[in-house]
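Chains, contacts and geometry: an overview
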Amino acid sequence: MSKVRTSPDFVIIATTLCLLGIGIVMVYSASAVFAQNTFQDAYYFTKRQLIFAVLGLTSMYLMMNVDYWVWKKWAKPGFLISIFLLVLVLIIGREVNGSKSWLGLGSFGIQPGEFAKFGVAAFLAAWLSDHQKKIVLFNRGLVPALAIPVACFGLIMLQPDLGTGTVLIGTAVLMIFTAGARVSHFVALGLIGLAGFVGLVLSAPYRMARITAFLDPWSDPLGAGYQIIQSLYAIGPGGVLGLGLGGSRQKFSYLPEPYNDFIFSIVAEELGFIGGTLILLLFLLLLWRGMRVAITAPDLFGNLLALGIISMLGIQVVINVGVVTGMFPVTGITLPFLSYGGSSLTLMLTGIGVLLNISRFSR
């Protein structure tokens, strides 16, 4: 492996900073009214997001200068720590919106599921790079590889947190498929996975309610369909140019948590079709450059680790935007760099830092 460093991918740095800057502005715009009414401080969420952004950027800079193959050495301990945190949150975790997904640290909290996504990606990249020849075998390759993310997925679903679990499994499947797993094996497991997904939906009444609300949100406008209806009421009036920055009406206690999972609705309402499209184009640019780094990485571990990081980001964007526009059932998942949230923002910026380090050694 060549250890000659070059400059990190400037496009990834610039795009990330643009999205982060837009996110901080939109967090303020979407949260100011609620923060003023609740905490008598319109900047309450914005100040916290700035703290998370500084921590995340510091981590990004450090990771950009730590040779990425170090993660292969620490992949197993990191995975075990992720498992430990996922178990711990089930025991002493703090329940938020019906999901026991948070470990409280004073007035702050961390979400172990976010750490698990990166832990699984790193461990899976290390395992697959060492056992690539076995991946074409079902029992000795594919099953052990899938056991890694499935273990974390099971613990995440006990919280429950279907959104985080979906991102984790989706990322793992893309990595395993890229490593050379057979399509026929995936088809068989896909049918089993579909049956399991249906079982998860049917096992929880609130998930079934979300499915029915997704198909016809106006059948229960004050219950299961409320969030998506309010989201569409935000997106529709935005039109082409939007109502102007700060001009949202839905953030006045109509749209639940407009600064978090549904922040893209406020973006569309205030910045319109043009603003929303610009943000999606920035994400596409970031995904393209990330895939370029994955393809040109000097070794298989770098290929798969970069793919895992960029897949996590891409899957989250697709699900979040799909939810707020009514294309997918409602599930709690943040929009990278834009939504309020310390664990999500810090870990995503850390992942970008690792991706930037891989880009320094790309061919």
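This structure is a prediction, so every number in the text was calculated from the model and none was measured.

Before going further, it helps to spend a moment on the overall build of the chain. Check the secondary structure of the chain and you find twelve helices and three strands. A compact globule built from 363 residues would reach a C-alpha radius of gyration of about 21 Å, and the chain, at 20 Å, matches this within 12%. In terms of overall dimensions, the chain has C-alpha extents of about 55 × 45 × 40 Å along its principal axes. Put simply, the chain has 363 residues, and 51% of those count as buried. Sequence separation of at least 24 residues holds for 72% of the intrachain contacts in the chain that already meet a minimum separation of 6. Positive and negative charge centroids in the chain, built from 22 and 14 side chains respectively, lie 13 Å apart.

Moving on: the pattern of salt bridges. Between side chains of opposite charge, a pair can form as their charged atoms come close. Under the criterion given, the structure shown has five salt bridges. A salt bridge links D9 to R289; its shortest N-O distance comes to 3.0 Å. Placement of the pair is D9 in the segment before helix 1 (10-39) and R289 in helix 10 (residues 263-296), with a sequence separation of 280 residues. Under the relative-accessibility criterion, D9 is labelled buried at 8%. On the basis of relative accessible area, R289 is assigned to the buried category, the value being 14%. With a closest N to O distance of 3.3 Å, E270 and K251 form a salt bridge.

Right, let's get into empty space enclosed by the protein. Any empty space left between the atoms is revealed when a probe the size of a water molecule rolls over them. One pass over the structure, following the stated rule, counts two cavities of 30 Å³ or more. What lines the largest cavity is simply E114, K117, F118, M312, Q316, S344, L347, M348 and G351. Of all the elements in the fold, those that place two or more residues in the lining of the largest cavity are helix 4 (112-130), helix 11 (300-324) and helix 12 (342-359). For the lining of the largest cavity, the leading source of residues is helix 12, giving four residues. Per-class residue counts for the lining of the largest cavity are four nonpolar, three polar and two charged.

Reading the values: the criteria
Residues numbered from 1 in each chain as written. Predicted model: local features only at pLDDT ≥ 70, side-chain atom pairs only at ≥ 80, totals over all residues. Heavy atoms only, no water. Helix = DSSP H or I, 4+ residues; strand = E, 2+ residues; numbered from the N terminus. Rg over C-alpha atoms; globule rule 2.2 N^0.38 Å. Buried < 20%, exposed > 50% of the residue type's maximum accessible area, 1.4 Å probe, protein only. Contact = heavy atoms within 4.5 Å. Lys, Arg positive; Asp, Glu negative; His and termini not counted. Charge placed at Lys NZ, Arg CZ, Asp CG, Glu CD. Salt bridge = Lys/Arg side-chain N within 4 Å of Asp/Glu carboxyl O. 1 Å grid on protein atoms, 1.4 Å probe; cavity = no way out; pocket = protein on both sides within 12 Å on 5 of 7 lines; lining within 4 Å. Points joined across faces, edges and corners; volume = space filled by probe spheres on them. Nonpolar A, V, L, I, M, F, W, Y, C, P; charged D, E, K, R; others polar.

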